[in-house]
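Spelled out, the chains give:
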Amino acid sequence: WRLALARLRLTQGTMDKLQDMYHTVRSMDRRKAAHQLINLGMVVLSALMIWKGLIVVTSGEAPVVVVLSGSMETAFKRGDILFLMGGSTGPLKAGDIVVFKVKGRDIPIVHRVMEIHVK
C-alpha cells in the first residue's frame, strides 16, 4: 500500500487569498475575533464528538475508512467512504468482506475473502 500525499502548491492567487484572510482577521475587533474563535472551536469539538460517537456505536477504533486502491472494484470504487460496523463473529466464508489491521500500520485494510484454507 502506498499512500500518496498531495503537495501544497502556493500560487500567487493562493498567496493573495491568504493575505486577504490575514488582513481580515487583523482588522477584526477583539470581540468579533473571540466570537469567530469560539465558533471554530465549536465546529472542531462537534466533529470530535461525532467521531467518538461513531466509535462507540460501531464498536471499532476506525468507524470510517476510504477505499485507497482498486482491488475491490466490483464492490467498492477507489475513493468510496465505508462505514464499518462490528461484524459477525461466525466463521468466515469466501466472498465475505473483512477489515483487519497490519501491525505497524495505522490504516485498516478492507478486503474480500477469496478462499478459505483449512489445515
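Everything below is about the structure shown above.
Treat the numbers as computed from the prediction; the structure is a model and nothing was measured.

Conventions we followed
Residues numbered from 1 in each chain as written. Predicted model: local features only at pLDDT ≥ 70, side-chain atom pairs only at ≥ 80, totals over all residues. Heavy atoms only, no water. Helix = DSSP H or I, 4+ residues; strand = E, 2+ residues; numbered from the N terminus. Buried < 20%, exposed > 50% of the residue type's maximum accessible area, 1.4 Å probe, protein only. Areas by Shrake-Rupley, 256 points an atom, 1.4 Å probe, with all protein chains shown as cover. Core = buried A, V, L, I, M, F, W, Y, C linked by side-chain atoms within 4.5 Å. Contact = heavy atoms within 4.5 Å. Expected span 1.5 Å × (residues − 1). Salt bridge = Lys/Arg side-chain N within 4 Å of Asp/Glu carboxyl O.

Asks: Would you explain the overall build of the protein chain in this entry?
Replies: Counting secondary structure elements, the protein chain contains 2 helices and 4 strands. In the protein chain, the succession of helices and strands from N to C terminus is α-α-β-β-β-β. With 119 residues in all, the protein chain has 12% of them scored as buried. Just so you have it, the protein chain exposes about 10,700 Å², and 61% of that area is on carbon and sulfur atoms.

Asks: Sorry, what's going on with the nonpolar core here?
Replies: Grouped together as the largest cluster of nonpolar side chains are 7 residues: V65, V67, M72, F76, L82, L84 and V110. The contacts of V110, once residues within four sequence positions are left out, are V65, M72, L82, I97, V98 and V99.

Asks: Please clarify how helix α2 (residues 30–58) should be interpreted in this entry.
Replies: Residues that lie three or four places apart on an α-helix share one face, since the helix turns once every 3.6 residues. In a regular helix each residue adds 1.5 Å, so 29 residues correspond to 42 Å; α2 covers 42 Å between its end C-alpha atoms and thus fits that length. S59 sits one or two residues past α2 and shows a positive phi near 55 degrees.

Asks: What's the story with the pattern of salt bridges in this structure? I'm lost.
Replies: Between side chains of opposite charge, a pair can form as their charged atoms come close. Enumeration over the complete set of coordinates arrives at 1 salt bridge. Here K93 ties to D96 by a salt bridge, and the two come within 3.3 Å at their closest N and O atoms.

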